[in-house]
Amino acid sequence: MKKILLFLLIGFAFINCSALTYRGCDYSTVSRMKSIVSNINVSYDYTIIDNEPYFNVTINNLTNDIYFLDTTTGKNYYYSDTNNGEITIYDYNRTSGRYKFYSNIGDCYGISLGTKYFDFPIYNRYYNHELCSDVPNYSLCQKWVNVNYSEEEFEKLVFDYKNSKNNVEEEKIQIEYEKNIIDIIVDLYINYYYYFLIGLILICTTIIIVNNKKNRFKL
């Protein structure tokens, strides 16, 4: 049993020693650089040109200890390419990509430190279509939605939506028009019952006063 424990301890010690260095780079240095990568922020904005979206990605909190690879273009970026640790890469016209980060320190150069991913929303090329002008809230007229229809199919769907909406409005008008006299009286009572109540009180008060006067006269 003691031999087995000793063997396990030696094995763990060997693994730990191997983990402490990698290609001459100690573990603490790698750990520090990975912490730098974890604090890197990736954000984006966009412009629309000729009904096509172009995205600009900003990466900040970069340091001289690391560099990164843009897997979309295959280009490496170093701290010297940044403005105090911040860089913006312009005019992406695809929906996603990733940046792979590596060590830029001496014997640690090229060690992989992590990956950052970015995803862009899908632009609706029919967003500014003239048919959307009076139904801007319709799902197929939203700016960022994946619409995989031909223009003919899109136009048909919008026309169908407009027709269904008009039919609903006409049905509401017809229902309101077909109200009978009882419905109208009930609506009036619900909306103006305060006035009815005041009028009823005044009428009752008047009757009581008149009756009291008549009774006095008889006496």
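Nothing here was measured: the structure is a model prediction, and the numbers come from that model.

Draft legend 1. Structural context of the sheet that holds strand E7 (residues 87-92). Strand order in this open sheet of 3 strands is E3-E4-E7, and the pairing throughout is antiparallel. The open sheet has two free edges, formed respectively by strand E3 (41-49) and E7, since each of these has just one partner strand. Strand-to-strand, the axes of this sheet are offset by a mean angle of 20°, without reference to chain direction. Bridging between E3 and strand E4 (residues 52-60) involves 9 bridges; their strand directions are antiparallel. Among the inter-strand pairings, Thr47 is bridged to a residue of E4, identified as Tyr54.

Draft legend 2. View of empty space enclosed by the protein. Within the structure shown, the criterion is met by 1 cavity of 30 Å³ or more. Its volume calculated, the largest cavity comes out at about 30 Å³. Considering the residues around the largest cavity, the lining is formed by Leu62, Thr63, Ile66, Phe68, Tyr77, Tyr78, Tyr79 and Thr82.

About the thresholds
- Residues numbered from 1 in each chain as written.
- Predicted model: local features only at pLDDT ≥ 70, side-chain atom pairs only at ≥ 80, totals over all residues.
- Heavy atoms only, no water.
- Pairing = 2+ DSSP bridges.
- Helix = DSSP H or I, 4+ residues; strand = E, 2+ residues; numbered from the N terminus.
- Axes fitted to C-alpha atoms, helices over the stretch in contact; angles between N-to-C directions.
- 1 Å grid on protein atoms, 1.4 Å probe; cavity = no way out; pocket = protein on both sides within 12 Å on 5 of 7 lines; lining within 4 Å.
- Points joined across faces, edges and corners; volume = space filled by probe spheres on them.

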